[in-house]
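# Summary of the model geometry
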Amino acid sequence: MKLTVDKEADALYLRLDESPIVETEEVSPGVILDYNEDREVVGVELLYLSKRSRALDYSALAFEAA
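Everything quoted here is computed from the prediction, not taken from an experiment.

## What to know about the pattern of salt bridges
Tallied over the entire structure, the rule returns two salt bridges. Close ionic contact of Glu 23 with Arg 39 constitutes a salt bridge, the shortest N to O distance being 3.2 Å. Of this pair, Glu 23 sits in strand β3 (residues 23–28) while Arg 39 sits in the loop between β4 (31–35) and β5 (41–47), and the two are 16 residues apart along the sequence. A relative accessible area of 43% means that Arg 39 is categorised as partly exposed. With its nearest N and O atoms 3.4 Å apart, the salt bridge here joins Glu 25 to Arg 39. Taken together, the residues span a long stretch of sequence, with Glu 25 in strand β3 and Arg 39 in the loop between β4 and β5 at a distance of 14 residues. Here the salt bridges do not stand alone but share partners, grouping Glu 23, Glu 25 and Arg 39 into one network.

Set out below in structure tokens:
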């Protein structure tokens, strides 16, 4: 699993696995899902990140596991 933040593009991308992406779908404005050949979600992209969180601090992203 890999999380990438692109400040210039104002986007966050979560890649769940490395299987090839065969289809991409925008399911909501600025929310894009990538699918593999089995129609499983393998990537999630959020655009307009700064508009989704007014107090966004790129240096303070945290990972939590329960």
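## Digging into the packing of aromatic side chains
In the structure shown here, the tally under the stated rule is zero aromatic pairs. In this arrangement the basic side chain of Arg 39 is found over the ring face of Tyr 35, its NZ or CZ atom lying 3.9 Å from the centre.

## Details of the pairing of β4
The element β4 is extensively covered by neighbouring structure, given that five of its five residues are classed as buried. Here β4 shows a buried face lined by Val 31, Leu 33 and Tyr 35 and a second buried face lined by Ile 32 and Asp 34. In terms of strand pairing, β3 meets β4 through five bridges, oriented antiparallel. Residue Glu 26 lies in a different strand from β4, and its bridge partner there is Ile 32. Both β4 and β5 contribute to a ladder of five bridges, which runs antiparallel. Its bridge partner being in β5, Val 31 is matched across the sheet by Leu 46. Once β4 ends, the chain turns through five residues before running back antiparallel as β5, passing Arg 39 with a positive phi of about 65°.

## Side note on the sheet that holds strand β2 (residues 11–15)
If you walk across this open sheet you meet the five strands as β1-β2-β5-β4-β3, and the pairing is antiparallel. Across the chains shown, the open sheet's two edge strands, defined by having one partner strand only, are β1 (2–6) and β3. Mean inter-strand twist for the sheet, computed between neighbouring axes without regard to direction, equals 20°.

Calculation criteria
- Residues numbered from 1 in each chain as written.
- Predicted model: local features only at pLDDT ≥ 70, side-chain atom pairs only at ≥ 80, totals over all residues.
- Heavy atoms only, no water.
- Salt bridge = Lys/Arg side-chain N within 4 Å of Asp/Glu carboxyl O.
- Helix = DSSP H or I, 4+ residues; strand = E, 2+ residues; numbered from the N terminus.
- Buried < 20%, exposed > 50% of the residue type's maximum accessible area, 1.4 Å probe, protein only.
- Phe/Tyr/Trp six-rings, centres within 6.5 Å; stacked < 30°, edge-to-face > 60°.
- Lys NZ or Arg CZ within 6 Å of the ring centre and 35° of its normal.
- Pairing = 2+ DSSP bridges.
- Axes fitted to C-alpha atoms, helices over the stretch in contact; angles between N-to-C directions.

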